[in-house]
Amino acid sequence: MTAVTAVREGAGIAIATGDAIAKEISLCDSLVSIRAFHDVTDEFYQTEFAETLPRLETLDSRSLALAISEIPHASAVDEAYGPRLLELL
C-alpha cells in the first residue's frame, strides 16, 4: 500500500467520521432549541440554550479543515485529494 493510498483511506474514514459528528451536532442543536422554545419560562432550558448553543456553533467544518491542515501528513492529504479538499469541507 502506498502512502497516498493509506492517506486516502484514512481521510475517507476521517470525512465519514466528520459527517457523523456534524449530524450529531445538528441533532444536539435541534434538541437544545426545541427544549428552550418548548417552555420559554423554564430557567433551566433558557440557561442550557444560552450556554450550549454558542459551543455547538464553534464545532464546524472549518475546525475540521484547520485540524487537517495542522497534522504531520497534511502534504500527503493534499497529494491524495488536492489542495482544494480543505476549502470544500
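Structure: see above.
The following refers to the structure shown.

Cut-offs applied
- Residues numbered from 1 in each chain as written.
- Predicted model: local features only at pLDDT ≥ 70, side-chain atom pairs only at ≥ 80, totals over all residues.
- Heavy atoms only, no water.
- Helix = DSSP H or I, 4+ residues; strand = E, 2+ residues; numbered from the N terminus.
- Areas by Shrake-Rupley, 256 points an atom, 1.4 Å probe, with all protein chains shown as cover.
- Buried < 20%, exposed > 50% of the residue type's maximum accessible area, 1.4 Å probe, protein only.
- Arc of directions from axis to C-beta.
- 1 Å grid on protein atoms, 1.4 Å probe; cavity = no way out; pocket = protein on both sides within 12 Å on 5 of 7 lines; lining within 4 Å.
- Points joined across faces, edges and corners; volume = space filled by probe spheres on them.
- Nonpolar A, V, L, I, M, F, W, Y, C, P; charged D, E, K, R; others polar.
- Salt bridge = Lys/Arg side-chain N within 4 Å of Asp/Glu carboxyl O.
- Expected span 1.5 Å × (residues − 1).
- Polar contact = N/O pair within 3.5 Å; in protein donor to acceptor, adjacent residues only side chain to side chain.

Summing up its helical and strand segments, the protein has 5 helices and 0 strands in all. Mapped from its N terminus to its C terminus, the protein presents α and β elements in the order α-α-α-α-α. Summing over all exposed atoms, the protein offers an accessible surface of approximately 6,500 Å²; the carbon and sulfur share of this is 61%.

Of the residues making up helix H4 (residues 74-81), those classed as buried are Ala-74, Ala-76, Val-77 and Ala-80. Around the axis of H4, the buried residues are gathered within 160° of arc, so they sit on the same side. Of the exposed residues in H4, those oriented more than 90 degrees away from the buried face are Ser-75 and Glu-79. Positive phi appears at Gly-82, one or two residues downstream of H4, with a value of about 90°.

There is about 160 Å³ of room inside the second largest pocket. Around the second largest pocket, the lining is made up of 11 residues, and of these Gly-10, Ala-11, Ala-14, Ile-71 and Val-77 lie nearest the centre. For the lining of the second largest pocket, the secondary structure elements donating two or more residues are helix H1 (3-38) and helix H3 (61-69). Tallying contributions element by element places H1 first for the lining of the second largest pocket, with 5 residues. Considered class by class, the residues forming the lining of the second largest pocket number 9 nonpolar, 2 polar and no charged.

The subject of this paragraph is the pattern of salt bridges. Within this structure, the stated rule accounts for 1 salt bridge. A salt bridge links Arg-35 to Glu-48, with the shortest nitrogen-to-oxygen separation between them at 2.9 Å. Taken together, the positions of Arg-35 in helix H1 and Glu-48 in helix H2 (residues 43-57) put the pair 13 residues apart, joining distant regions of the chain.

Take H2 next. Taking 1.5 Å as the rise per residue, H2 with 15 residues should run 21 Å; its terminal C-alpha atoms sit 22 Å apart, in good agreement. The opening residue of H2, the one whose side-chain oxygen lies 2.8 Å from the backbone nitrogen of Phe-44, is Asp-42.

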